[in-house]
2 protein chains.
Amino acid sequence: MKHSIPVELKTSYRLLNHGPTIMVSSAHHGRRNLMSAAWSMPLDFQPPKIAVVIDKTTLTRELVEGSGEFVINLPTVAQAGLAVAVGHGSGRDQDKFERYGIETLPASIVGAPMIAGCAAWLECKVIAEPHLQSTYDLFIAEVVAAWSDPDCYSNGRWLNTQPEQRTVHYIAGGAFFATGERIDVDLPADA
Amino acid sequence: MKHSIPVELKTSYRLLNHGPTIMVSSAHHGRRNLMSAAWSMPLDFQPPKIAVVIDKTTLTRELVEGSGEFVINLPTVAQAGLAVAVGHGSGRDQDKFERYGIETLPASIVGAPMIAGCAAWLECKVIAEPHLQSTYDLFIAEVVAAWSDPDCYSNGRWLNTQPEQRTVHYIAGGAFFATGERIDVDLPADA
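These numbers were taken from a predicted model, which means no experiment stands behind them.

Chemist: What is the right way to look at the overall build of chain A in this model?
Modeler: When its secondary structure is counted, chain A shows 4 helices and 14 strands. The globule rule puts the C-alpha radius of gyration for 191 residues at 16 Å, and the 16 Å found for chain A is close to it. Once the C-alpha set of chain A is aligned to its principal axes, its extents read approximately 55 × 35 × 30 Å. Intrachain contacts of chain A at a sequence separation of at least 6 include 67% that bridge at least 24 residues. Roughly 7,400 Å² of accessible area belongs to chain A as shown, and the carbon and sulfur atoms make up 51% of that amount.

Listed below in structure tokens is the structure:
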């Protein structure tokens, strides 16, 4: 299994800034789960915070509310099939890790596992906002540790050089866009 | 100027689902502004809602809080330079529309203008959440109308065929990823 390298917290927003689809892993009281989520975004730089929508019908919701923790995993092009698979069906009916033969790595701070083969990982602790959670299924969390596959992201930069290692962006109905080529624009002189 | 076509509200989440960078246009009491934002996401399907971060130091924040309305504009690869330009400097110091020669189209419901040449547009009305707005700079809004350039998106699908018309995904420091190629995964049989 490939190793992961730490990402400094102050630039960890760059892991989500380009809008990739994620998988949320969670664990509580001996149970664990993994679900895909297209609806997440950075919310603040320092300390880094993120926002993510977790539907109230899901097992993930129960485990995240129980533990107050989760991991955001960034699947690659090679994992697009996995991201669709774990986006359907409930972890209440099956252990998705066993069903899909998913390998995990231990996280450094939270109890939820990190999914092997991903491009990057954000360990998150929920900031309790009961009104938001119940009204909008919206969770706010602080990023307490971040990691990347050094072939995907290192020294604060996405490398995006290996086609199968690029991140993915879900549309609907099993269709994604892969992350495309880099475009560089000169910053304004007064920036 | 090219025409825009209506996008049905129930599938309008697909305009933001893949995580593109947006530009927020706003208007109130004769003033108007345009700023870029990488931090937005869909929040609900029906009625469609979105979440977006609007910093409290910005003129956009003042106009959005004053009017309760804004438009989310999706810039294309051809507009990446514009997206960076309007992401720097304040509309308090200059009218960005004049400075950058930005053409606009009238929106159908809200007073904020739609930016010509974009891939798609979402007309939004703020759902007041004062705690969220003040604590996290986070705005929740209902999408009340949606439009697309038919060369970019039509019949509920992104076309993504013209390289310059693709959406963009901001990283940091003037760098974007363009939206890449489509990947189709078979949905599980029980989906």
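Continuing now.
Chemist: Can you walk me through the confidence of the model for chain A in this structure?
Modeler: Detailed reading of the predicted coordinates is not advisable wherever pLDDT falls low. Per-residue pLDDT for chain A averages 95, and the proportion of residues at 70 or more is 98%. Scoring the predicted complex yields pTM 0.97 and, for the interface, ipTM 0.96.

Chemist: What exactly am I supposed to notice about helix α1 (residues 59-67) of chain A here?
Modeler: An α-helical segment advances 3.6 residues per turn. Residues three or four places apart therefore align on the same side. Residue and element names in this part refer to chain A. Considered for burial, the residues of α1 that qualify are Leu 59, Thr 60, Arg 61, Leu 63 and Val 64. On the buried face of α1, the contacting elements are β2 (22-28), β3 (31-37), β6 (69-74), β9 (120-127), α4 (130-136) and β10 (138-148). Backbone geometry just after α1 places Gly 68 at a positive phi near 70°.

Chemist: I tried to follow the relation of the copies chain B and chain A on my own but got confused; where do I start?
Modeler: What relates the pair of chain copies is a rotation about an axis plus a shift along that axis. Laying chain B over chain A is done by rotating through 180° and shifting 0.0 Å along the axis; what remains is an RMSD of 0.0 Å. These values place the two chain copies in the arrangement generated by a two-fold rotation axis. Interface overlap between copies: 100% of the residues of chain B at the interface are likewise at the interface in chain A, consistent with a symmetric, same-surface contact.

Chemist: Is there a simple way to think about the pairing of strand β5 (residues 49-53) of chain B in this case?
Modeler: Sheet faces and side chains relate simply in a regular strand, where the side chains alternate between the two faces. Residues and elements named next belong to chain B. Most of β5 sits out of view: 5 of its 5 residues are buried. Taken together, the 4 bridges between strand β4 (residues 40-44) and β5 define a ladder with antiparallel strand orientation. Bridge pairing in β5 places Pro 42 opposite Ile 50. The turn linking β4 back onto β5 is made up of 4 residues. Relative to strand β10 (residues 138-148), β5 runs antiparallel, the two sharing 5 bridges. Bridge pairing links Val 52 to Phe 139 in β10.

Chemist: Please clarify how the interface of chain B and chain A should be interpreted in this entry.
Modeler: Where interface size is quoted, it is often the accessible area lost as the parts come together. Of the residues lining the interface, 57 residues belong to chain B; the matching set on chain A comes to 57 residues. Approximately 4,700 Å² of surface area, both sides summed, lies buried where chain B meets chain A, with 67% of it carried by carbon and sulfur atoms. The largest contributions to the chain B side of the interface with chain A come from Trp 39, Tyr 136 and Phe 177 of chain B, which together make up 17% of the buried area. Inspection of the chain B/chain A interface yields 2 salt bridges. Residues Glu 181 of chain A and Arg 166 of chain B are paired through a salt bridge, measuring 2.6 Å at the closest nitrogen-oxygen approach. The interface formed by chain B and chain A includes 24 residue pairs in polar contact (both at pLDDT 80 or more).

Chemist: Sorry, what's going on with the nonpolar core here?
Modeler: Nonpolar side chains in soluble globular proteins tend to end up buried together. Judged by nonpolar contacts, the single largest core of 78 residues is most densely connected at Met 41, Leu 138 and Phe 176 of chain A together with Met 41, Leu 138 and Phe 176 of chain B. For this core, the leading source of residues is β10 of chain A, giving 5 residues.

Chemist: Before we go on, may I ask you to explain the side chain of Glu 129 of chain B in this structure?
Modeler: Inspection of the secondary structure puts Glu 129 of chain B in the loop between β9 (120-127) and α4 (130-136). Of the side chains with opposite charge, Lys 49 of chain B comes closest to the buried, unpaired Glu 129 of chain B, at an N-O distance of 9.4 Å. The contacts of Glu 129 of chain B, once residues within four sequence positions are left out, are His 131 and Tyr 136 of chain A.

Chemist: Whenever I open this one, the environment of Thr 60 of chain A confuses me. Can you help?
Modeler: All names here are of chain A. Its place among the elements puts Thr 60 in helix α1. C-alpha of Thr 60 to C-alpha of Pro 6: the two residues are 54 residues apart in sequence and 25 Å apart in space. What Thr 60 contacts, discounting residues up to four positions off in sequence, is Val 24, Ser 26, Asn 33, Met 35 and Ile 54.

Chemist: How do you make sense of the side chain of Ser 12 of chain B when you look at a structure like this?
Modeler: Residues and elements named next belong to chain B. Mapped onto the fold, Ser 12 is located in the loop between β1 (5-6) and β2 (22-28). By relative accessible area, which is 2% here, Ser 12 ends up buried. Beyond its immediate stretch of four places on either side in the chain, Ser 12 contacts Val 7, Pro 48, Leu 122, Val 143 and Ala 146.

Chemist: Would you explain the sheet that holds strand β13 (residues 168-172) of chain A in this entry?
Modeler: Strands in a sheet are paired, the pairing made by backbone hydrogen bonds, and the direction either parallel or antiparallel. Overall, antiparallel pairing links the 4 strands, which are arranged β13(A)-β14(A)-β14(B)-β13(B) in an open sheet. Each edge of the open sheet is held by one strand with a lone partner, namely β13 of chain A together with β13 (168-172) of chain B. Strand after strand, the sheet turns through a mean of 40° between neighbouring axes, direction not considered. Two elements, strand β14 (residues 175-184) of chain A and strand β14 (residues 175-184) of chain B, share 7 bridges in a ladder whose sense is antiparallel. Bridging across to β14 of chain B, Ala 175 of chain A finds its partner in Asp 184 of chain B.

Thresholds, definitions, all that
Residue positions are counted from 1 within each chain, in the order its sequence is given. Both sets of labels track the order of writing: A upward for chains, 1 upward for ligands. A pLDDT threshold of at least 70 governs which residues receive local features in this predicted model, and a stricter bar of 80 or more applies before side-chain atom pairs are shown or counted, although totals over entire chains, interfaces and linings include all residues. To obtain the side-chain values, all non-hydrogen atoms of the structure were included, while hydrogens and water were left out. Secondary structure elements are defined from DSSP: runs of H or I of at least 4 residues count as helices, runs of E of at least 2 residues count as strands, and each element is numbered from the N terminus. This radius of gyration counts C-alpha atoms alone. The globule rule is 2.2 Å times how many residues there are, raised to the power 0.38. The contact definition used throughout considers only heavy atoms, calling two residues in contact when any of these lie within 4.5 Å. Here the Shrake-Rupley method, with its probe set to 1.4 Å, supplies the accessible areas, and only the displayed protein chains count as covering residues. As a per-residue measure, pLDDT tells how confident the predictor is, with possible values from 0 to 100. Relative accessibility thresholds used throughout: buried, under 20% of the residue-type maximum; exposed, over 50%; partly exposed, between the two (1.4 Å probe, protein chains only). Copy-to-copy alignment: least squares on C-alpha atoms, limited to residues at pLDDT 70 or above in both. Pairing between strands requires that DSSP locate at least two bridges from one strand to the other. Defined in terms of a 1.4 Å probe, buried area is the accessible area two parts forfeit on being brought together, summed over both. Salt bridges are defined by distance alone: a side-chain nitrogen of Lys or Arg within 4 Å of a carboxyl oxygen of Asp or Glu. In protein, a polar contact means a hydrogen-donor-capable atom and an acceptor-capable atom, both N or O and within 3.5 Å, with residues adjacent in sequence counting only if both atoms are side-chain atoms; elsewhere, any N or O pair within 3.5 Å suffices. Nonpolar cores were defined as sets of buried Ala, Val, Leu, Ile, Met, Phe, Trp, Tyr and Cys residues, with membership established by side-chain atoms within 4.5 Å. His is not counted, nor are the chain ends; Lys and Arg add positive charge and Asp and Glu add negative charge. Convention adopted: a line fitted to C-alpha atoms gives each axis, helices being fitted over their contacting stretch, and angles between N-to-C directions are expressed from 0 to 180 degrees.

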